[in-house]
Amino acid sequence: MKEKLQKIRERAIAEIQNSDGLEKLGEVRNTILGKKGELTAVLKGMKDVPPEDRPKVGQWVNETREAIESILAEQTKKLEAEALRLRYEAEKIDVTMPAVKPAKGNLHPITQVRNQLTDIFASMGFEIYEGTEIETDYYNFTALNTPQDHPARDMQDTFYLSPEFLLRTQTSAGQIHVMEAKKPPIKIISPGKVFRSDDDATHSPMFTQMEGLVVDKGITLCDLKGMLDEFVKKIFGKNVTTRLRPSYFPFTEPSVEVDVSCFQCGGKGCKLCKGTGWIEVLGAGVVNNKVLEGCGVDTNEYSGFAFGIGIERIAMLKYGINNIKLLFESDLRVLNQIDD
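All values derive from a computational prediction rather than experimental measurement.

Draft legend 1. Representation of the overall build of the protein chain. Check the secondary structure of the protein chain and you find 11 helices and 9 strands. Radius of gyration (C-alpha) of the protein chain: 41 Å, far over the 20 Å computed for a compact globule of 340 residues. Counting only C-alpha atoms, the protein chain reaches 125 × 50 × 35 Å along its principal axes. Counting every position in the protein chain, which comprises 340 residues, the buried fraction comes to 43%. Sequence separation of 24 or more characterises 66% of the internal contacts of the protein chain that already satisfy a separation of 6 or more. On the protein chain, roughly 19400 Å² of surface is accessible, and the fraction owed to carbon and sulfur atoms is 52%.

Given below as structure tokens:
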């Protein structure tokens, strides 16, 4: 028995010393000292040892275990130190190396254009009013001179939430709220999301508008033209001019479509302006007297003009984007190219 224990001890020590890692060392521990290990098997065989020899054999087993555990602890400490050294080596950082610069972010093109428009109109004295995206039929249509049976309702495919409530199709509803709450003079812009059931390369079911409203004494279409001339120079360039074409909107009379001279070709004709030299950018007009009167504004004393800008349209023209969906897909290859 003593020779058997000596052989177990010598073999265990040799395997422990030859172990090249903590995993291998664990395998040796289980082989020798585990529940099914060699030393454990010797203890289970003590029943076959004569009673008078059991104390001596037990002592030999304990001495063997202690010797093996001692060298195991020593080798474990040595391998742990080596593993820590290798980890430190792998994680070593050269603090003298240049830092890795994080990628620089920028605002979304729609946010950039909205901020630019807000700054331009704020510099002209406009205040900002932000309405709600859920509106009543009255504020979205009726108060804007669009009664239930008016054909202008067919111009906009509306998302109705109930017979009374809907997702606003235009930020023009904001001008009614403002005129009901405030007496002239009024000079506001109302930016925000609007919703229409429309979807193609130049239209989206959700897009961003900016409504503008001025109500004061003696306001005419000439004031609108002068303000728009100043606006397009600041957003598209100092050489850009505007022209007004007759149009129709139920809440303005007269109504106009506003074109700008092509800022890419200077009005000579190119792909952007489709050879005409002009680009349509927004709709506007003199506020209809029925709208003013419905809000309690005395039309014998006051008049006004209103305009509506599609922010996505301005962004597409300004940055050369040919599909509105590129503004909503969050493709960094597109967004990283636009940073004003």
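Draft legend 2. Inspection of the packing of helix α5 (residues 109-123) against helix α10 (residues 311-319) at higher detail. Here α5 crosses α10 at 100°, and the two axes come no closer than 9 Å. Considering the angle they form, α5 stands roughly perpendicular to α10. The residues of α10 that touch α5, namely those facing Pro 109, Ile 110, Gln 112, Val 113, Arg 114, Gln 116 and Leu 117, are Ile 311, Glu 312, Ile 314, Ala 315, Lys 318 and Tyr 319.

Draft legend 3. Focus on the pattern of salt bridges. Going through the model one piece at a time under the given rule, you end up with 11 salt bridges. Glu 91 is the salt-bridge partner of Arg 87, the closest N and O atoms lying 3.3 Å from each other. The salt bridge partner of Arg 114 is Glu 130, with a shortest N-O separation of 2.9 Å. With Arg 114 in helix α5 and Glu 130 in the loop between β1 (127-128) and β2 (134-136), the pair connects residues that are 16 residues apart, well separated along the chain.

Draft legend 4. Layout of the sheet that holds strand β4 (residues 186-195). Spatial ordering of the open sheet is given by β1-β4-β5-β9-β8-β7-β6, a layout of 7 strands whose pairing is mixed. The outermost strands of the open sheet, each flanked by one partner alone, are β1 and β6 (242-249). Examined bridge by bridge, strand β8 (residues 278-287) and strand β9 (residues 303-310) share 5 bridges and lie antiparallel to one another. Considered in β9, the bridge of Ala 284 is made with Phe 307. Contacting β4, β5 (206-216), β8 and β9, α10 runs over the sheet at an angle of about 150° to β8.

Draft legend 5. Region of the structure containing the pairing of β9. The buried fraction of β9 is high, at 7 of 8 residues. Two strands pair when backbone bridges link them, and β5 and β9 are joined in this way by 8 bridges, in the antiparallel orientation. Across the sheet, the residue bridging to Asp 216 is Ser 303, located in β9.

Draft legend 6. Geometry of unusual backbone geometry. Look at the link from Pro 184 to Pro 185: it is a cis peptide, with omega at 5°. Here Pro 185 shows up in the loop between α7 (173-181) and β4. Unusually for a residue other than glycine, Asn 145 sits at a positive phi of about 65°. Relative to the elements of secondary structure, Asn 145 occurs in the loop between α6 (137-140) and β3 (165-167). The backbone of Lys 274 sits at a positive phi, close to 55°, despite the residue not being glycine. Structurally, Lys 274 is set in the loop between β7 (252-261) and β8. A residue is classified by how much of its surface remains accessible, and Lys 274, at 73% relative accessible area, is exposed.

Draft legend 7. View of the packing of aromatic side chains. Counting across every chain of the model gives 8 aromatic pairs. When the ring of Tyr 138 is compared with that of Tyr 139, the centres are 5.1 Å apart and the planes differ by 85°; the resulting orientation is edge-to-face. The rings of Phe 121, Phe 126, Phe 231, Phe 305 and Phe 307 are connected pair by pair, giving a single aromatic cluster.

What counts as what
Residues numbered from 1 in each chain as written. Predicted model: local features only at pLDDT ≥ 70, side-chain atom pairs only at ≥ 80, totals over all residues. Heavy atoms only, no water. Helix = DSSP H or I, 4+ residues; strand = E, 2+ residues; numbered from the N terminus. Rg over C-alpha atoms; globule rule 2.2 N^0.38 Å. Buried < 20%, exposed > 50% of the residue type's maximum accessible area, 1.4 Å probe, protein only. Contact = heavy atoms within 4.5 Å. Areas by Shrake-Rupley, 256 points an atom, 1.4 Å probe, with all protein chains shown as cover. Axes fitted to C-alpha atoms, helices over the stretch in contact; angles between N-to-C directions. Parallel < 35°, antiparallel > 145°, perpendicular 65-115°, else oblique. Salt bridge = Lys/Arg side-chain N within 4 Å of Asp/Glu carboxyl O. Pairing = 2+ DSSP bridges. Phe/Tyr/Trp six-rings, centres within 6.5 Å; stacked < 30°, edge-to-face > 60°.

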